[in-house]
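# Coordinate analysis (summary)
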Amino acid sequence: MNVISYICGDTAITDFPATSARPLAACVQLCNDLLAGPDRYLSPENSLLALDLAWQTVGTADVGDSVIHAWVAELLTNPAWGVVQYTESAAAAAVFGVAGLHRRLASGDMSPIGAWDSADRAARAVGATLSGAGLYAVRAACQATALVNTKHRETLDAVTGNALRAHTLATAGTGAARVVEVTRHAIRSWRRLAQLGNPGHVDPASIDRRR
C-alpha cells in the first residue's frame, strides 16, 4: 500500500492511501504480511501479486454510506467470503441478524435503535461461549452494530480487523492463498456496490518510470 500511496501522490507515504478505502487497504496489508517469506521480504512473484491487489483499491475511498453498509453485510454473510462460515447455530443467527440490519439500512430503511441494541446483545451473549475464528466472526458482527454512522472510522477498522482475524485463524497453516482470495472478493464487492469501473491490472513498467 506504500507503493500505491507514492504512485497516487500522497503528501505522506502511508499504508492507507487517500484514494483507497481503509477496509480494503487493511485486507491488502494482511496479504502482504502473509505472502512475505521468513526474511519478511516478498519474492518478485508475490510482490507483483500484492501490488496488483493494492492497485485494485485505487479510487475506492469516496463512496456513499449505503455502499459501506451493504459491504459490511457481505463481509459478514457472503457465502463465498463472509465470516459467518466460521459459525453455526446461535452464532450464525446473530451474525445474520446484524447483516440484515445493514442491508436494510443500505436500502434506506433504518431499523429502530432497539433492534440494533438487541442484535448487539445477542451477538455478545453468544460470543462469550466461543473461541478461535468463530469468536472473531461474532466480534466483527458486534462491532458492526455500532456502525450506524459510517463516519466513525475506528469502528469500521475494528469490524474489518476482527473479520480478517477470523479468516487468518481459520486458515492458519494453509498459507496466504485463502486470504488473497477473500481480499479479491472484498475488493470486487466494494467496487461492484459502488458501481466503480475495473481499474485494470498494475503495469510494473509504469511504476519503474516513476522512480
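For the structure, see preceding data.
Just so you know, these numbers come straight off a predicted model, no measurement behind them. (Residues numbered from 1 in each chain as written. Predicted model: local features only at pLDDT ≥ 70, side-chain atom pairs only at ≥ 80, totals over all residues. Heavy atoms only, no water.)

With that out of the way, let us pick up the nonpolar core. Leu24, Trp71, Val72, Leu76, Val83, Val138 and Trp190 are the most contacted members of the largest nonpolar core, which has 58 residues in total. With 8 residues, helix α5 (residues 89-106) is the largest single contributor of residues to this core. Those residues within four positions of Val138 in sequence are excluded, and the remaining contacts are Thr87, Ala91, Val95, Ala123, Val126, Gly127 and Leu130. (Core = buried A, V, L, I, M, F, W, Y, C linked by side-chain atoms within 4.5 Å. Buried < 20%, exposed > 50% of the residue type's maximum accessible area, 1.4 Å probe, protein only. Helix = DSSP H or I, 4+ residues; strand = E, 2+ residues; numbered from the N terminus. Contact = heavy atoms within 4.5 Å.)

Quick look at the pattern of salt bridges now. This model, assessed by the stated rule, comprises 4 salt bridges. We note a salt bridge from Arg22 to Asp157, for which the minimum N-O separation is 2.9 Å. Pair noted here: Arg22 is in helix α2 (residues 22-35) and Asp157 is in helix α8 (residues 153-170), with a separation of 135 residues, a long-range link. Accessibility expressed as a relative area gives 23% for Arg22, which makes it partly exposed. With its nearest N and O atoms 3.2 Å apart, the salt bridge here joins Glu74 to Arg103. Remark: Arg103 occurs in helix α5 and Glu74 occurs in helix α4 (residues 65-77); sequence separation between them is 29 residues. By relative accessible area, Glu74 is classed as buried at 15%. (Salt bridge = Lys/Arg side-chain N within 4 Å of Asp/Glu carboxyl O.)

For the rest of this paragraph, the subject is the state of the cysteines. Following the criterion strictly, the structure yields 0 disulfides and no others. Unpaired in this structure, Cys142 has its nearest cysteine sulfur neighbour in Cys27, at a distance of 20 Å. (Disulfide = S-S within 2.5 Å.)

Where nonpolar side chains cluster on the molecular surface, the patch consists of Met110, Ile113 and Val148 and spans about 230 Å² of accessible area. Along the chain, the position of Met110 falls in the loop between α5 and α6 (113-127). When its relative accessible area of 36% is taken as the criterion, Met110 is described as partly exposed. (Patch = residues over 30% accessible without salt bridge, like charges linked within 9 Å, V, L, I, M, F, W, Y side chains within 5 Å. Areas by Shrake-Rupley, 256 points an atom, 1.4 Å probe, with all protein chains shown as cover.)

Interpretation in functional terms is not warranted from these geometric data alone.
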